[in-house]
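Chain residues, written in single-letter form:
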Amino acid sequence: MGRGKHVPIRMCVVCRRRRPKHELLRILRTPEGFILDFGGKQPGRGAYVCPDDPACWEEKRLRRFAGARAGELSRLLKERLGGAHGQG
Ligand SMILES: [Zn+2]
């Protein structure tokens, strides 16, 4: 025993659920704005949210993490995640 694959666990900053890192979307905060790091490869300090739960994209719930920029982040998440159903 002891050779099981190690799965890194991260916590969603909104709902605080702990999930395997690959199930969460990494977000980077930069001076220019937020970057959604779908590949998980961008350098920098990231935070994580659930990409499959619209409740975790709500502005007022993001405020604890993003502060005054929660609206911007919420819009970005909804565009990139929620807008994926159908074109346009
Ligand atoms: Zn969440």
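Attention here is on the structure that accompanies the text.

Rules used throughout
- Residues numbered from 1 in each chain as written.
- Predicted model: local features only at pLDDT ≥ 70, side-chain atom pairs only at ≥ 80, totals over all residues.
- Heavy atoms only, no water.
- Helix = DSSP H or I, 4+ residues; strand = E, 2+ residues; numbered from the N terminus.
- Contact = heavy atoms within 4.5 Å.
- Areas by Shrake-Rupley, 256 points an atom, 1.4 Å probe, with all protein chains shown as cover.
- Buried < 20%, exposed > 50% of the residue type's maximum accessible area, 1.4 Å probe, protein only.
- Pairing = 2+ DSSP bridges.
- Axes fitted to C-alpha atoms, helices over the stretch in contact; angles between N-to-C directions.
- Donors = N, O, S within 2.8 Å, 3.2 Å for Na, K, Ca; no water.

1. A word on the overall build of the protein
Along its length, the protein carries two helices and five strands. Reading the protein from its N end, one meets helices and strands in the order β-β-β-β-β-α-α. Excluding contacts between residues fewer than 6 apart, the proportion of contacts in the protein whose partners are at least 24 apart in sequence is 47%. Total accessible area on the protein is roughly 6300 Å²; 50% of this is exposed by carbon and sulfur atoms.

2. Examining the side chain of T30
Topologically, T30 is positioned in strand 3 (residues 25-30). Taking the relative accessible area as the measure of exposure, T30 reaches 18% and is therefore buried.

3. Side note on the sheet that holds strand 5 (residues 46-49)
A sheet is described by the order of its strands in space; here three strands give the open sequence 4-3-5, paired in antiparallel fashion. The outermost strands of the open sheet, each flanked by one partner alone, are strand 4 (33-37) and strand 5. With strand direction ignored, the average angle separating the axes of adjacent strands in the sheet is 35°. Bridge count between strand 3 and strand 5: four bridges; the pairing is antiparallel. Bridge pairing links L25 to V49 in strand 5. The strands that helix 1 (residues 59-66) touches are strand 3, strand 4 and strand 5; relative to strand 3, the one it contacts most, it runs at about 60°.

4. Brief notes about the pairing of strand 4
Most of strand 4 sits out of view: four of its five residues are buried. Across five bridges, strand 3 lies against strand 4 in antiparallel orientation. By the bridge assignment, I27 is partnered in strand 4 with L36. Where strand 3 hands over to strand 4, the hairpin turn is made up of two residues, counted between the paired strands.

5. Some points on the coordination of the zinc ion
The expected angle between donors at a tetrahedral four-coordinate metal is 109.5 degrees. At an octahedral six-coordinate metal it is 90 or 180 degrees. Distances from the zinc ion to its protein donors, namely C12 (SG), C15 (SG), C50 (SG) and C56 (SG), fall within the range 2.3 Å. When the donor residues of the zinc ion are listed from N- to C-terminus, their spacing reads C-x2-C-x34-C-x5-C. Of this pair, C15 sits in the loop between strand 1 (9-11) and strand 2 (18-20) while C50 sits in the loop between strand 5 and helix 1, placing them 35 residues apart in sequence. Given the relative accessible area of 25%, C15 is considered partly exposed.

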